[in-house]
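# Structural overview for review
Now for the letters of each chain:
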Amino acid sequence: MVQLAFYVFSVLTLGSALAVLLTRNVLYAAFFLLLTLFGVAGLFVLASADFLAIAQIMIYVGGVLVLVIFGIMLTHKPEHPTDTNSQQPNQIASQNRSGLVSGWVVALVVSGALFVALYTLLARANFTLLSRPVGWQSTMHTIGKQLMTEYVVPFEIAAILLLAALVGATYLAAPQSKSSRNATR
């Protein structure tokens, strides 16, 4: 059953990622990206990384993807001129046929070499998680315990830095009056 769920999430992730690349509509690409991110979250759950799955959904789906969709929806499309003539030259310079073929060959050679290098790296790696028995255990308790005991100082330093960045961004974004502008000069 777990293998079936893995294959379903893998096909969902790879298929929707391929659809993101191949679709011409930007809004459809954003929705296929939504499916891709949900598929990756499902794979995280199957790998007993429930914290990463929840973070994936909350940060990427809940924040980044919603921002992308709002950006797409609120962007104004330019109006196409109504008096277009078929005799007008194209705005985009097209490549000749040999340049296009050589570009594809270079892309295939580079991606093939990268695939071979990564495959050999993964085949020779000794993953300690593969030797452990498969079982479900939540990572939330472990992560929470380590954040509040072992890693409390880096956690608090990161919180202070994020607070300082938020205050700085608010100060820079706030409108300034003329008297405060003259005083700073």
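Just so you know, these numbers come straight off a predicted model, no measurement behind them. (Residues numbered from 1 in each chain as written. Predicted model: local features only at pLDDT ≥ 70, side-chain atom pairs only at ≥ 80, totals over all residues. Heavy atoms only, no water.)

### Digging into unusual backbone geometry
Notably, Ser48 is not glycine yet its phi reads approximately 60°, a positive angle. Here Ser48 is to be found in the loop between helix H2 (26–46) and helix H3 (50–74). The buried category is assigned to Ser48, whose relative accessible area is 19%. (Helix = DSSP H or I, 4+ residues; strand = E, 2+ residues; numbered from the N terminus. Buried < 20%, exposed > 50% of the residue type's maximum accessible area, 1.4 Å probe, protein only.)

### Here we look at the environment of Asp50
Summarising the element assignment, Asp50 is placed in helix H3. Once the C-alpha coordinates of Asp50 and Ser138 are considered, the two residues, 88 residues apart in sequence, prove to be 6.5 Å apart.

### Notes on the confidence of the model for the protein chain
Averaged over the protein chain, the pLDDT score is 82; the fraction of residues at 70 or greater is 76%. Element-level pLDDT for the protein chain is lowest in helix H7 (residues 178–184), with a mean of 61, against a maximum mean of 93 in helix H1 (residues 2–22). (pLDDT = per-residue confidence, 0-100.)

### Let's talk about a nonpolar patch on the surface
Residues Phe51, Leu52, Ile54, Met58, Ile59, Tyr60, Val64, Val68 and Met140 make up a contiguous nonpolar surface patch of about 800 Å² in total accessible area. Looking at the nonpolar patch element by element, the count peaks at eight residues for H3. As for its placement among the helices and strands, Val64 is situated in helix H3. Take Val64: its relative accessible area is 42%, and that puts it in the partly exposed class. (Patch = residues over 30% accessible without salt bridge, like charges linked within 9 Å, V, L, I, M, F, W, Y side chains within 5 Å. Areas by Shrake-Rupley, 256 points an atom, 1.4 Å probe, with all protein chains shown as cover. Salt bridge = Lys/Arg side-chain N within 4 Å of Asp/Glu carboxyl O.)

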